Number of protein chains: 2
Amino acid sequence: MEASKKRSDCPLSFSLDVFGDKWSLLIIRDMMFGNKCTYNDFLKSEEGIATNILASRLKGLEENGVIEKSVHPDSKAKILYRLTPKGIDLLPVIMEVYIWSEKYYEMPADLKATIKEAKKDKDKFIKQVTKELKIKMTEKKSSS
Amino acid sequence: MEASKKRSDCPLSFSLDVFGDKWSLLIIRDMMFGNKCTYNDFLKSEEGIATNILASRLKGLEENGVIEKSVHPDSKAKILYRLTPKGIDLLPVIMEVYIWSEKYYEMPADLKATIKEAKKDKDKFIKQVTKELKIKMTEKKSSS
DNA sequence: ATTTGCACTTGCAATTTGCAAGTAAAATTA
DNA sequence: TAATTTTACTTGCAAATTGCAAGTGCAAAT
């Protein structure tokens, strides 16, 4: 549905086919920083994604190996969405977007402070958060 | 047309309102690495952007201060599009996308080698290319 | 047994995209 | 000087995507 024919040989263009839209990176952000992991969690996000768009984006991200579904430990009715290592590796991309926006836009003071702090030792921050995410994304793992 | 009402207070979401689509970053890539600077240059790009979409994206990027128009030194019929400092500052974002895709996708060998090389000393590469871009984007400057 | 929660799907109108053709001014060619 | 070509778009229209609202089916709670 989403995959297959690439527009060109440029990796930037096929990366954009994976997450180049208004919603995908927000879902990934929610999984990275918002502690969100279920369909309803994402639905409740500040930006108000429509339910059919959410379903379509989750499907696309899963097809592209950025996220994966698993059984929720609390209930069979719930589905736990988790970032794959490939998804976790989008952290540097998202970080650079935050750093860029911190330079050119206004935002809540606490967020601004956090970004500035992370920027001071970018590599350390990325490594630290990556490590935490890898732990978080495996700990509740039940099956696939 | 494009600007105004933001979806949330999250800088990631309003950054995506600026370049979160399938085309904007490709135009910026062409200006950074493809030595492209006119409407027809962008039209001829590998991915084949439609002319109305190109016009709309250029307008949006200009409204958001990422690019700017100037008089082409060769001809009054031509318009020279240039990256602003804000546009040049998207280099780290684009770089991280390249690095991500280099890890997970196949691509032409020479490009792969270039990315790997740039990745070795990321900061140095970014500084170097930023410097070159700042020079390039001002040298032919005529007026606004 | 009934209601609620969860993860979706479906229908439909509105917006956006993509393709093709057209336009106006500037530059080139005859 | 006139005709053609180049350049940067705009316009029209069909197709695809988005967004909103209202389901649907299964699980869990009451």
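Structure shown above.
Note that the structure is a prediction, hence the values are computed from the model and not measured.

Residues in close proximity to DNA strand C total 20 residues, the closest being Ile79(A), Tyr81(A), Asn52(B), Arg57(B) and Lys76(B). Within 4 Å of the protein, the atoms of DNA strand C are drawn from sugar and phosphate moieties in a proportion of 65%. Trp23(B) places a side-chain nitrogen or oxygen 3.1 Å from a phosphate oxygen of DNA strand C. Residue Asn52(B) places a side-chain N or O atom 2.8 Å away from a base nitrogen belonging to DNA strand C.

This part covers the interface of chain B and chain A. Size of an interface: often given as the accessible area lost when the parts come together. Each partner contributes residues to the interface: chain B has 44 residues there, and chain A has 44 residues. Here chain B and chain A share an interface that buries about 4,000 Å² over both sides, 67% of which is from carbon and sulfur atoms. It is Leu12(B), Lys22(B) and Trp100(B) in chain B that bury the most area against chain A; as a group they hold 18% of the surface buried on that side. Between chain B and chain A we count 2 salt bridges in total. Put simply, Asp89(A) and Lys103(B) hold a salt bridge, and the shortest N to O gap is 2.8 Å. At the junction of chain B and chain A, the tally comes to 18 residue pairs in polar contact (both at pLDDT 80 or more). Of all the elements in the fold, those that place two or more residues in the side of chain B that touches chain A are α1 (11-19), α2 (24-33), α5 (85-88) and α6 (91-104) of chain B. Here the residues of the side of chain B that touches chain A are counted per class, giving 24 nonpolar, 6 polar and 14 charged.

Turning to the packing of aromatic side chains, a few remarks are in order. Two numbers describe a pair of aromatic rings. These are the distance of the centres and the angle of the planes. Summed over the entire model, instances satisfying the criterion amount to 12 aromatic pairs over all chains. Summarising the aromatic geometry, the rings of Trp100(A) and Phe19(B) are spaced 5.4 Å apart at their centres and angled 70° between planes, so their arrangement reads as edge-to-face. Here the residue Trp100(A) occupies a position in helix α6 (residues 91-104), and Phe19(B) occupies one in helix α1, the pair thus bridging two chains. An angle of 75° between the planes, with centres 6.2 Å apart, marks the rings of Phe33(B) and Tyr98(B) as edge-to-face. Pair noted here: Phe33(B) is in helix α2 and Tyr98(B) is in helix α6, with a separation of 65 residues, a long-range link. Aromatic ring contacts, followed pair by pair, group Phe14(A), Phe19(A), Trp100(B), Tyr104(B) and Tyr105(B) into a single cluster. Stacked on the ring of Trp23(B), the Lys or Arg Arg7(A) has its end atom at 4.7 Å from the ring centre. The ring centre of Phe14(B) lies 4.1 Å from the NZ or CZ of Lys6(B), which sits over that ring.

Okay, the pairing of strand β2 (residues 79-83) of chain A next. All names here are of chain A. For β2, the tally of buried residues reaches 4 of 5 residues, placing the bulk of the element in the interior. As judged from the 5 bridges shared by strand β1 (residues 67-71) and β2, these two strands associate in the antiparallel manner. Residue pairing across strands places valine 71 opposite isoleucine 79, the latter belonging to β2.

Turning our eyes to something else, we now look at the relation of the copies chain B and chain A. After a rotation of 180° and a shift along the axis of 0.0 Å, chain B superposes on chain A with an RMSD of 0.0 Å. Interpreted geometrically, this transformation is the action of a two-fold axis. Across chain B, the smallest distance between a C-alpha and the rotation axis is recorded for Asp21(B), namely 2.3 Å. The residues that chain B uses at the interface reappear at the interface of chain A in 100% of cases, marking a shared surface.

Moving on: the protein's contact with DNA strand D. Lining the immediate environment of DNA strand D, one finds 20 residues, of which Asn52(A), Arg57(A), Lys76(A), Ile79(B) and Tyr81(B) sit closest. Sugar and phosphate atoms constitute 65% of the interface atoms of DNA strand D, taking the interface as everything within 4 Å of the protein. A distance of 3.1 Å separates a phosphate oxygen of DNA strand D from a polar side-chain atom of Trp23(A). With respect to DNA strand D, the side chain of Arg57(A) contributes an N or O atom lying 2.7 Å from a phosphate oxygen. Residue assignment for the surface near DNA strand D shows that the elements contributing at least two residues are α4 (51-63) of chain A together with α3 (39-43), α4 (51-63) and β2 (79-83) of chain B. Ranked by residues supplied to the surface near DNA strand D, first place goes to α4(A) with 4 residues. A breakdown of the residues in the surface near DNA strand D according to their chemical character gives 9 nonpolar, 7 polar and 4 charged.

This part takes up α1(B). Burial within α1(B) is extensive, with 8 of its 9 residues counted as buried. For α1(B), every residue scored as buried is listed here: Pro11(B), Leu12(B), Ser13(B), Phe14(B), Ser15(B), Leu16(B), Val18(B) and Phe19(B). For α1(B), the elements touching its buried residues are α2 (24-33), α6 and α7 (109-120) of chain A together with α2 and α4 of chain B.

On to the packing of α2(B) against helix α8 (residues 122-139) of chain B. Residue and element names in this part refer to chain B. Contact pair α2 / α8: the axes reach a minimum separation of 10 Å and the direction vectors enclose 85°. In this view, α2 runs roughly perpendicular relative to α8, as classed from their interaxial angle. Here α2 contributes Met31, Met32 and Phe33 to the contact with α8, which in turn contributes Val129, Leu133, Lys136 and Met137.

Cut-off values and rules
Residues numbered from 1 in each chain as written. Chains lettered and ligands numbered in written order. Predicted model: local features only at pLDDT ≥ 70, side-chain atom pairs only at ≥ 80, totals over all residues. Heavy atoms only, no water. Near = heavy atom within 4 Å. Polar contact = N/O pair within 3.5 Å; in protein donor to acceptor, adjacent residues only side chain to side chain. Contact = heavy atoms within 4.5 Å. Buried area = accessible area lost by both parts, 1.4 Å probe. Salt bridge = Lys/Arg side-chain N within 4 Å of Asp/Glu carboxyl O. Helix = DSSP H or I, 4+ residues; strand = E, 2+ residues; numbered from the N terminus. Nonpolar A, V, L, I, M, F, W, Y, C, P; charged D, E, K, R; others polar. Phe/Tyr/Trp six-rings, centres within 6.5 Å; stacked < 30°, edge-to-face > 60°. Lys NZ or Arg CZ within 6 Å of the ring centre and 35° of its normal. Buried < 20%, exposed > 50% of the residue type's maximum accessible area, 1.4 Å probe, protein only. Pairing = 2+ DSSP bridges. Least-squares fit on C-alpha atoms with pLDDT ≥ 70 in both. Axes fitted to C-alpha atoms, helices over the stretch in contact; angles between N-to-C directions. Parallel < 35°, antiparallel > 145°, perpendicular 65-115°, else oblique.

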